[in-house]
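Structural description and commentary
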Amino acid sequence: MISEDAEHSSEPEVYNDTETTKSERISLHMIARRHLKKEITSSYSQEEILDELNKITHLRLDRESIQNIDHLELLGGSVTNVYLQHNRIEVIENLEYLSNVSFLTLSNNRIERIENLLPLRKLKFLDLSENLINSFDIDEIPQTVIILNLGGNPCTNKADYRGRIIQDLPKLQQLDGEDVTKVEKMEAGFVVSDSEEDEEESGSSEEEEGETRTQNFFSTTMDGLMKRSQKRIQAAIKEHSRKDRILTDLREDLPPDTARSLQGIRDSRLGLAK
C-alpha cells in the first residue's frame, strides 16, 4: 500500500544537479526508489512492485538528471500529478500513457518546443517555465488548461505574447503567475456579460464553484512544492553542519600544523580566507 508519507519520505533530501552528473533515463528502479518504501522494493516480486506503482497518483521524478521521458507505460491511469522539473529534458514525449494527468510541471529543463500534450485531455495546470522555448504553436496546448506558466522563456518577449495566449485559450485563468482579468478577456474578443460578472462576484454558479475548488487544489499543490523545497534546503544546511562538526573533532585530534591547514581549506571554501 502506498501512502502519501511514503511518497515523500522516499524522496532524496539533497540532489546533485551539476553538469558533470550523468544523464539518466526513467526506469522501474528510479520510480520505485522515489515512491515505494524500502521493505516493498526489497521483498516484493517485480509483478507486485508493478501493481504498487500502478496505484501512484503523484509521480515525482524531479532533480534526477533525466534527459528523456520514457517508460511511463509502467504506470496506470491513477496518475494525476506529474513533477519533472529540474531535469535535462529536451523533448516533451511519451505522456500519452498518463491520460488522467491534470497537473504537469516541466520547469527548469531544456525544452525548445511545446508538443505532444494534446492527449492530456484533462490537463489544467501546465508549468513550462525556465526552458528554451523561443516560439510555439498555441494549438499544441490543450484547451482545458486554466493555469499556464511560460515565464523565463524567450517566447515571453514576443509582441502581444500575453494577449495571443489569452485569445486562444478561453478557459485560461492565470498566465505566468498573473490572473487573467476581465479587461484582458474583453480585449481578446470574449464577450463578458454583466450577468457573468455578477456570477463571478457572487460565486453562486456551479461552474464557478468548480473553478474555485480547482484553484484551491492548485494553491495547495504549489504550497506543497514550496514546503518540499524548503525541506531540501534545511537538509542541506543540516548536512553541512554535520560535516563541520566532524571537521572540528578531527582538528582537535590532529597535530597543530595539520589542523591549521584544514582550517585554511575550510575558510577558503567559505570565502573567509584573508
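In this report, we go over the structure that sits alongside the text. Everything numeric here is computed off the predicted structure, so don't read it as measured data.

Calculation rules
Residues numbered from 1 in each chain as written. Predicted model: local features only at pLDDT ≥ 70, side-chain atom pairs only at ≥ 80, totals over all residues. Heavy atoms only, no water. Helix = DSSP H or I, 4+ residues; strand = E, 2+ residues; numbered from the N terminus. Contact = heavy atoms within 4.5 Å. Areas by Shrake-Rupley, 256 points an atom, 1.4 Å probe, with all protein chains shown as cover. Pairing = 2+ DSSP bridges. Core = buried A, V, L, I, M, F, W, Y, C linked by side-chain atoms within 4.5 Å. Buried < 20%, exposed > 50% of the residue type's maximum accessible area, 1.4 Å probe, protein only. Arc of directions from axis to C-beta. Axes fitted to C-alpha atoms, helices over the stretch in contact; angles between N-to-C directions. Parallel < 35°, antiparallel > 145°, perpendicular 65-115°, else oblique. Left-handed = near helix turned anticlockwise from the far one by under 90°. Nonpolar A, V, L, I, M, F, W, Y, C, P; charged D, E, K, R; others polar. Salt bridge = Lys/Arg side-chain N within 4 Å of Asp/Glu carboxyl O. Phe/Tyr/Trp six-rings, centres within 6.5 Å; stacked < 30°, edge-to-face > 60°.

Topic: the overall build of the protein
- The secondary structure content of the protein amounts to 9 helices and 9 strands.
- For the protein, the proportion of contacts with a sequence separation of at least 24, taken over those separated by at least 6, is 41%.
- Carbon and sulfur atoms make up 48% of the accessible area of the protein, which totals about 15800 Å².

Looking at the sheet that holds strand 5 (residues 103–105)
- Taken in spatial order, the 7 strands make up an open sheet running 2-4-5-6-7-8-9, and their pairing is mixed. Since the sheet does not close on itself, it has two edges, and those belong to strand 2 (58–60) and strand 9 (178–179), each with one partner.
- As defined by bridge partners, strand 4 (residues 81–83) adjoins strand 5 across 3 bridges and the pair is classed as parallel. Directly across from V82, in strand 5, lies its bridge partner L104.

Description of the nonpolar core
- Counting residues in each nonpolar core, the largest one holds 48 residues, and the members touching the most others are L104, F136, L148 and I165.
- Listed by contribution, the elements that provide at least two residues to this core are helix 2 (28–35), helix 4 (46–53) and helix 5 (161–168).
- Beyond its immediate sequence surroundings of up to four residues, L104 is in contact with V82, L95, L117, L120, L123, F125, L126 and D127.
- Membership of the second largest hydrophobic core comes to 5 residues, among which are Y83, F103, F125 and I146.

Considering helix 4
- Every buried residue of helix 4 is listed here: I49, E52 and L53. One side of helix 4 holds all its buried residues, which, seen down the axis, span an arc of 100°.
- Buried residues belonging to helix 4 abut helix 2 and helix 3 (38–43).

Focus: the packing of helix 2 against helix 4
- At a minimum axis distance of 11 Å, the contact between helix 2 and helix 4 shows a crossing angle of 60°. One element, helix 2, and the other, helix 4, form an angle in the oblique class. Note on packing geometry: the crossing formed by helix 2 with helix 4 is left-handed. Of the residues in helix 4, those touching helix 2 at L28, I31 and A32 are Q46, I49, L50 and L53.
- Considered class by class, the residues forming the contact of helix 2 with helix 4 number 6 nonpolar, 1 polar and no charged.

What about the pattern of salt bridges?
- Overall, the coordinates contain 8 salt bridges when judged by the stated rule.
- Ionic pairing is found between R25 and D70, a salt bridge with its closest N-O pair at 2.5 Å. Highlighted residues: R25 in strand 1 (residues 24–25) and D70 in the loop between strand 3 (66–68) and strand 4, separated in sequence by 45 residues.
- A residue is classified by how much of its surface remains accessible, and D70, at 7% relative accessible area, is buried.
- Among the salt bridges present, the one from E184 reaches R162, with a minimum N-O distance of 2.6 Å. Of this pair, E184 sits in helix 6 (residues 182–187) while R162 sits in helix 5, and the two are 22 residues apart along the sequence. Both residues of the pair, E184 and R162, belong to the buried class.
- Linked by salt bridges that have partners in common, R33, R34, D62, R63 and E64 make up one network.

Notes on unusual backbone geometry
- At S65, a position not held by glycine, the phi torsion is positive, near 60°.
- Residue classification places S65 among the buried residues on the basis of a relative accessible area of 2%.
- Phi at H86 takes a positive value of approximately 60°, unusual for a residue other than glycine.
- With respect to the element layout, H86 can be found in the loop between strand 4 and strand 5.
- The partly exposed category is assigned to H86, whose relative accessible area is 24%.

Some words on the packing of aromatic side chains
- Taken as a whole and judged by the stated rule, the model has 2 aromatic pairs.
- Considering the side-chain rings of F103 and F125, the 4.2 Å spacing of their centres and the 5° angle between planes classify their relative orientation as stacked. With a gap of 22 residues between them, F103 in strand 5 and F125 in strand 6 (residues 125–127) connect regions that are remote in the sequence. Comparing F103 with F125 shows no difference in burial state: the two are buried.

Some thoughts on the environment of K124
- For K124, the position within the fold is in the loop between strand 5 and strand 6.
- Taking relative accessible area as the criterion, K124 reaches 32% and is therefore assigned partly exposed.
- Along the backbone, K124 and K171 are 47 residues apart, and their C-alpha atoms lie at a distance of 9.3 Å.

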